[in-house]
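Structural features, examined
One-letter residues, chain by chain:
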Amino acid sequence: MARMKFICDAERCINCNGCVTACKNENEVPWGVNRRRVVTMNEGVPGEKSISVACMHCSDAPCMAVCPVSCFYRTAEGVVLHDKDVCIGCGYCSYACPFGAPQFPANGEFGLRGKMDKCTFCAGGPAPNGSEEQFKEYGRDRLAEGKLPICAEMCSTKALLAGDGEVIADILRDRVLHRGGGAELWGWGTAYGKADAQSAPAAQPAPTTQGASS
Amino acid sequence: MYKRQLYHIFKNGWEDQDYIDARVWGMDKVKEDVLAKWNPDAVKEVSGVDGDTTFAIAKMLHENKPGTIVWCMGQTQHTIGHAIVRASCILQLALGNVGKSGGGTNIYRGHDNVQGATDVGPNPDSLPGYYGVIDGAWKHYAAVWGVDYEWIKGRFAPGMMTKPGMTVSRWIDGVLTPNDMVDQGPNLRAHIFWGHAPNSQTRGLDMKKAMNKLDLLVVIDPYPSATAAMAAMPADDAPLNPNRAVYLLPATTQFETSGSVTASNRSLQWREKVIEPMFESRTDHMIMAQLADRLGFGKELVKNYKMVPGKGGMMEPETESILREINRAVWTIGYTGQSPERLKIHMRNMHVFDVKTLRARGGIDKETGYKLDGEYFGLPWPCYGTPELRHPGTANLYDTSLNVMEGGGNFRANFGVERDGQSLLAADGSCSKGADIQTGYPEFDSVLLKKLGWWNELTDAEKKAADGKNWKTDPSGGIIRVVMKNHSCHPFGNARARAVVWNFPDPIPQHREPLYSVRPDMVVKYPTYDDKKTFWRLPTLYKTVQDQNIDIVKKFPLILTSGRLVEYEGGGDETRSNPWLAELQQFAFVQVNPAVANDRNIREGDDVWVSTPTGARIKVRARITEAVDRSTVFIPFHFAGHWQGKDLRQYYPEGAAPIVLGEAVNTATTYGYDAVTMMQETKTTVCQLERA
Amino acid sequence: MNRIAMILSALTLAALAGCSQKPQTLTQTGAPPSQDPWMGANPAFTEKDWKIGDKASWQRAIDRRAQDQNEYVRMR
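Residues numbered from 1 in each chain as written. Chains lettered and ligands numbered in written order. Predicted model: local features only at pLDDT ≥ 70, side-chain atom pairs only at ≥ 80, totals over all residues. Heavy atoms only, no water.

What about the overall build of chain B?
If you tally the helices and strands in chain B, you get 23 helices and 24 strands. Across its three principal directions, the C-alpha atoms of chain B cover 75 × 70 × 55 Å. Put simply, chain B has 692 residues, and 53% of those count as buried. Long-range contacts, defined here as pairs at least 24 residues apart, represent 68% of the contacts in chain B between residues at least 6 apart. Per element, the accessible surface of chain B, about 29,900 Å² overall, is 53% carbon and sulfur. A distance of 1 Å separates the average location of the 79 positive side-chain charges in chain B from that of its 81 negative side-chain charges. (Helix = DSSP H or I, 4+ residues; strand = E, 2+ residues; numbered from the N terminus. Buried < 20%, exposed > 50% of the residue type's maximum accessible area, 1.4 Å probe, protein only. Contact = heavy atoms within 4.5 Å. Areas by Shrake-Rupley, 256 points an atom, 1.4 Å probe, with all protein chains shown as cover. Lys, Arg positive; Asp, Glu negative; His and termini not counted. Charge placed at Lys NZ, Arg CZ, Asp CG, Glu CD.)

Looking at the overall build of chain A
Scanning chain A from N- to C-terminus turns up nine helices and six strands. Taken over 214 residues, chain A has a buried fraction of 49%. Sequence-distant contacts in chain A: of pairs separated by 6 or more residues, those separated by 24 or more amount to 53%.

Here we look at the pattern of salt bridges
Scanning all chains against the criterion turns up 49 salt bridges over all chains. Of the charged contacts in the structure, one is a salt bridge between R203 of chain B and D206 of chain B, with a shortest N-O distance of 3.2 Å. What makes D206 of chain B partly exposed here is its relative accessible area of 25%. Taking the shortest distance from any N to any O, the salt bridge between D547 of chain B and K543 of chain B comes out at 3.2 Å. Remark: K543 of chain B and D547 of chain B occur in helix α21 (residues 543-548); sequence separation between them is four residues, near one turn of the helix. Through salt bridges with shared partners, a single network forms among E26, R140, R142, E145, K147 and E153 of chain A together with E47 and R65 of chain C. (Salt bridge = Lys/Arg side-chain N within 4 Å of Asp/Glu carboxyl O.)

Some remarks on the sheet that holds strand β6 (residues 245-250) of chain B
All names here are of chain B. Read from one edge to the other, the open sheet built from three strands follows the order β4-β5-β6, with strand pairing classed as parallel. The sheet is open, and its two borders are formed by β4 (190-194) and β6, each paired with just one other strand. Strand-to-strand twist of the sheet, defined as the mean angle between neighbouring strand axes without regard to direction, takes the value 10°. Looking at chain direction, strand β5 (residues 216-221) and β6 are connected through six bridges and run parallel. Opposite L217, over in β6, you have V246 as the bridge partner. In the packing of helix α13 (residues 284-295) onto the sheet, contacts are made with β4, β5 and β6, and the angle to β4 comes to roughly 160°. (Pairing = 2+ DSSP bridges. Axes fitted to C-alpha atoms, helices over the stretch in contact; angles between N-to-C directions.)

Here's the deal with the pairing of β5 of chain B
Residues and elements named next belong to chain B. Most of β5 is tucked away, with five of its six residues classed as buried. The pairing of β4 with β5 spans five bridges and is classified as parallel. Pairing of A190 across the sheet is with L216, part of β5. At this point the chain moves from β4, through helix α11 (residues 204-213), to the parallel β5, and the crossover so formed is right-handed. For the segment spanning β5, helix α12 (residues 225-232) and β6, crossover handedness is right-handed. (Right-handed = clockwise from strand over helix to strand, strands pointing away.)

Some details on unusual backbone geometry
Note that the residue after K65 of chain B, namely P66 of chain B, is joined by a cis bond; omega there is -5°. Summarising the element assignment, P66 of chain B is placed in the loop between α5 (51-63) and β2 (69-71). Residue P382 of chain B is bonded to the preceding W381 of chain B through a cis peptide linkage, with omega at 0°. For S70 of chain A, which is not glycine, the phi dihedral falls at a positive 50°.

Section: the side chain of S126 of chain B
Within the secondary structure, S126 of chain B is located in the loop between α7 (114-120) and α8 (135-145). Once residues within four sequence positions are removed from consideration, S126 of chain B is found in contact with G121, Y131, G132 and V133 of chain B.

Focus: the interface of chain A and chain B
Put simply, an interface is often sized by how much accessible area is lost when its parts join up. Of the residues lining the interface, 18 residues belong to chain A; the matching set on chain B comes to 14 residues. Carbon and sulfur atoms make up 61% of the area that chain A and chain B hide from each other, which totals about 1,200 Å². For the chain A face of the interface with chain B, the top three residues by lost area are T21, W31 and E43 of chain A, together amounting to 43%. For K24 of chain A, the salt bridge goes to E583 of chain B, with nearest N and O atoms at 2.4 Å. Here chain A is connected to chain B by four residue pairs in polar contact (both at pLDDT 80 or more). Sorting elements by how many residues they give to the side of chain A that touches chain B places helix α1 (residues 18-27) of chain A first, with four residues. Taken together, the residues of the side of chain A that touches chain B break down into seven nonpolar, eight polar and three charged. (Buried area = accessible area lost by both parts, 1.4 Å probe. Polar contact = N/O pair within 3.5 Å; in protein donor to acceptor, adjacent residues only side chain to side chain. Nonpolar A, V, L, I, M, F, W, Y, C, P; charged D, E, K, R; others polar.)

Considerations on helix α3 (residues 27-37) of chain B
All names here are of chain B. Buried within α3 we find M27, V30, D33 and V34. Viewed along the axis of α3, the buried residues span an arc of 120°, placing them on a single side of the element. Across from the buried face of α3, at angles greater than 90 degrees, the exposed residues are E32 and A36. Those residues of α3 that are buried are in contact with α1 (2-11), α2 (17-23), β1 (24-25) and α6 (81-95). (Arc of directions from axis to C-beta.)

Brief notes about the interface of chain A and chain C
Counting residues at the interface gives 43 residues for chain A, matched by 32 residues for chain C. Summed over both partners, the interface of chain A with chain C buries about 3,000 Å², with 55% contributed by carbon and sulfur atoms. At the surface where chain A touches chain C, the tally comes to two salt bridges. Between R12 of chain A and E71 of chain C there is a salt bridge; the shortest N-O distance is 2.3 Å. In this structure, the connection of chain A to chain C is made through twelve residue pairs in polar contact (both at pLDDT 80 or more). At the level of elements, α2 (62-66), β4 (72-74), α5 (150-154), β6 (160-164) and α6 (165-179) of chain A are the ones that each hand at least two residues to the side of chain A that touches chain C. At six residues, α6 of chain A tops the list of elements feeding residues into the side of chain A that touches chain C.

Topic: the pairing of strand β3 (residues 49-53) of chain A
Residue and element names in this part refer to chain A. Burial analysis of β3 places four of its five residues in the buried class, the great majority of the element. The pairing of strand β2 (residues 37-41) with β3 spans five bridges and is antiparallel. Pairing of V39 across the sheet is with I51, part of β3.

Considerations on a nonpolar patch on the surface
On the surface, F255, V274, I275, M278 and F279 of chain B cluster together into a nonpolar patch covering about 550 Å² of accessible area. By relative accessible area, V274 of chain B is classed as exposed at 63%. (Patch = residues over 30% accessible without salt bridge, like charges linked within 9 Å, V, L, I, M, F, W, Y side chains within 5 Å.)

Considering the sheet that holds strand β23 (residues 662-663) of chain B
For sheets, the rule is that strands pair by backbone hydrogen bonds, running either parallel or antiparallel. Residue and element names in this part refer to chain B. Taken in spatial order, the three strands of this open sheet run β22-β21-β23, and their pairing is mixed. Since the sheet does not close on itself, it has two edges, and those belong to β22 (646-647) and β23, each with one partner. Note that strand β21 (residues 641-643) and β22 share two bridges and pair antiparallel. Bridge pairing in β22 links W643 to K646.

Focus: the environment of D606 of chain B
Residues and elements named next belong to chain B. With respect to the secondary-structure elements, D606 resides in the loop between α23 (594-599) and β18 (607-611). Relative accessible area serves as the criterion here: at 16%, D606 is assigned to the buried category. Sequence-distant contacts of D606, defined by excluding residues within four places in its chain, comprise N601, V620, R621, A622 and R691. Among the polar contacts made by the side chain of D606, one reaches the main-chain amide nitrogen of R603 at a distance of 2.8 Å.

Points about the confidence of the model for chain B
Residues at a pLDDT of 70 or more form 100% of chain B, whose mean pLDDT is 95. Model confidence for the complex: the whole-complex pTM is 0.90, and ipTM, which rates the interface, is 0.88. (pLDDT = per-residue confidence, 0-100.)

Description of the environment of K469 of chain B
Residue and element names in this part refer to chain B. As for its placement among the helices and strands, K469 is situated in the loop between α18 (460-466) and α19 (478-486). For the pair K469 and N123, spaced 346 residues apart in sequence, the C-alpha separation works out to 25 Å. In contact with K469, other than residues within four places in its own chain, are D445, S446, D474 and I479.

Side note on the packing of α1 of chain B against α6 of chain B
Residue and element names in this part refer to chain B. Between α1 and α6, the least distance of the axes is 9 Å, while the angle of their chain directions is 20°. Regarding the angle of α1 to α6, the classification is roughly parallel. Judged by the twist between their axes, the crossing of α1 over α6 is left-handed. Residue-level inspection shows Y2, Q5, L6, I9 and F10 of α1 in contact with α6, the latter providing I84, A87, S88, I90, L91, A94 and L95. For the contact of α1 with α6, the class distribution of residues is ten nonpolar, two polar and no charged. (Parallel < 35°, antiparallel > 145°, perpendicular 65-115°, else oblique. Left-handed = near helix turned anticlockwise from the far one by under 90°.)

Okay, here's the thing in structure tokens:
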């Protein structure tokens, strides 16, 4: 069974915001609601990294766990969606989510709330596939058209990958093998020490296999 | 920077001597100059980059070949822009990287079809295809257009037809400069902004004065653009010509019309119309045809075009016809093989092209049975000869490893055959693959063909057309056909690339400080050029401005540079009207280093006044970041609609103002122009910041 | 006695049914409200490379499409 996931390869993300713009346009997301954002760390210094973040469609979703009206559900493909007609706009999901995925239209000092909105993996919501009603409330249903989320399909560098978790994990693994991972692999330094080995690309030895395969 | 790399390359013997001996002229003089002047200390002083780093870069270039250099405006928007570009070419020649797949010097164009526009359009010193404006060029085009040469000549004031005109960067001086100093009869009195925004040009204060002085100002654009508001806003220091007439003509976007477009890699694509022209907009070519009608030469303009009904049933040139006329005209850079048919076939069969080499691997077009094998996607120019010749396009220029009919080439013989007693032609044995002539040779004309005994390979019709002509003016394409197909030679000759450009102000690139520099000591050591009395019809100052501003650092201690953002494009009015993009960049800003900000009590998000030597003061938001160092601030140029702190929203036509307005950095930028191209010096001027 | 018990339970059942009370668990159980994606959407916009209603066929098509993000496959 498919288990839909996103991976953003921080080695490739160039902070172009193509994913953000694509999502906005495809789903006609109103001003102030940001289903997807690109976060840049260490801007302007060696080791600058960007990563595109939206809902991670967690297997054990904290938003779902805390919702007092149980408006969340998970589809057979692992996509976490919610029913806006049930949502009471309490904001608990927003507190619970480590990625800031639940969005509320902002207004004034304390916000306006209203119905929570978030990334749907371009899978719409609880309404007939591709219907007018579904588009108005939740945006596009690309999965039902046999397509993947527009953010990943538009990514200019294919940093952002979307699809079945095993499939895209394989793609990333292929990529890492080609470009040489090891100590420079994303996050290795933080997890296993030698943090400076991770942040200086110039320290990478000239990869001998790269010329042949690329 | 390049002189520094060259120093290390020459010092360590890393240059490709065989390549230089075979294909380059003048490198020995460059080597002398570099080794004498550009030791690591000199380098650090000019660039701020230390010797170890420049050595490491040189070593990296040497050990990883081929390498390529890519730039946009960073190299060109300086008074020495032409020299910087030249230096990158010299570096690549020294390394033997030019004419190699993965090598070369490559310009990354800033906008869709800028390349195409430059190739066939608006250069004030040239007819389409870089033919120039000499008599021979006009005669060639008169023949192509099918109009009488004398008639065209008669439409120009005496002496103007062959005189390069004014550049867009100086239009304001064309209006404002006292008439006796302008190298043409009257000043500029009318100006058309055709798909162009005012805020991408420097010296906004002067521009407002010029805009107010005009008799006629026309904006042709899908959006009214900043021009509309800038023209309408009141200004005390810019007297308004009471007779000034301003017109806004709505033009279509690229989606509302079809046509060919050229990308940074010289490939052409054919675009289809996806939506009918909206509102009252008309296509650019319809507007052009209608304007020509009003001015009395409409018939001549569209003589060779099929006219088709467009918006509202009004007739307009068919875009295929326009491309076909270009195909018949532009032999120089090979815009002749890319017929509408071939381009459309490519567009229908994109999947057969290998994404790395851009070459078709087999493929037969279903509709026409055309075989695509071996063609490069989009037939990148030069695609020589007639479409019937089926030249595949040229992926990489000057590549001797390929036959000319496979997209191969060599350096052109454009500058004569000898200089200073040395031959400018390529060395014996240096030629494109399979060429019948294995030594250097000049460019081809009917005379040379006869000498070689190849003249009879032309058909009778081709002979008639080509006699007395050269490969660039032969309307049959026969010379090109025989030279390339029958003999695998290159029509533009086989010569050496020049490392020394004798017709440039500095034949070997030298460093010269910008007109507004924060280093008076460097100005003394590396002064700018002498003033030019007449340059592209206008007096152009260098030394005077630099001398006047030698101590400018005392009042304006920060280097101000400007450039692009991902979210916006050009003048920005169109993209700032897009809600998705506008939300991503809501304010005009200045990137400030934390130390610079702290010295001025500026915090993140504060409004800041940026002042420059022009007297302008613009108000932008501070973005504190390490992305700029302590000596530099960066402001993106895409904003408009604020003017020195004032909001101009009310001056836009009703409902047509973009979502996001902001200060245009070019309201405040200063005088300074490249000594060969007249490109504005937008990459380096000076400013001061203060918290608002 | 049995009869009364039966009537009482029937009445209780009826009363409870009238509450339409939701399950007290925090996470949803039961079928999700969304339509399954392999049922397709507007035919004008739906890709033609899978069979509507066939879950396995949809999954294969989606997985193949995911490979468009992999240049090592696209560039062969």
